[in-house]
Amino acid sequence: MSEAVKPRFFKDMTVGEAIGLHPEAGLVFSSYHLGGCSHCSINELETIEQVCMGYGVEVDVLLDSLNNLFEDGE
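None of the values given here were measured: they were computed from a predicted structure.

To continue, consider the pattern of salt bridges. On inspection of all chains with the given rule, the structure shows two salt bridges. Across the pair Glu-71 and Lys-6 runs a salt bridge whose closest N-O atoms are separated by 3.3 Å. With a gap of 65 residues between them, Glu-71 in the segment after helix H4 (59-67) and Lys-6 in the segment before helix H1 (15-21) connect regions that are remote in the sequence. According to the relative accessible area criterion, Glu-71 is partly exposed, its value standing at 37%. What makes Lys-6 partly exposed here is its relative accessible area of 37%. Linking Lys-11 and Glu-49 is a salt bridge whose minimum nitrogen-to-oxygen distance equals 3.7 Å. Within this pair, whereas Lys-11 is found in the segment before H1, its partner Glu-49 is found in helix H3 (residues 48-55), the two being separated by 38 residues in sequence.

Calculation rules
Residues numbered from 1 in each chain as written. Predicted model: local features only at pLDDT ≥ 70, side-chain atom pairs only at ≥ 80, totals over all residues. Heavy atoms only, no water. Salt bridge = Lys/Arg side-chain N within 4 Å of Asp/Glu carboxyl O. Helix = DSSP H or I, 4+ residues; strand = E, 2+ residues; numbered from the N terminus. Buried < 20%, exposed > 50% of the residue type's maximum accessible area, 1.4 Å probe, protein only.

Given below as structure tokens:
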């Protein structure tokens, strides 16, 4: 009766790790205007927290949106 552990996004994972964790993570980043265009590109080696701090996005809000990707379709 053990439940499988759902994957999760964390503030200290890199953007590259996040994009690799779920195929739609990049869409979530771009919905917050992170990495969606050439003048606001984000470095895949930066952590989610670093990107949020650099662009004034609340990290908890972005993490909620990212983690909601795992709720869809269940």
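Structure's up, so let's keep going.
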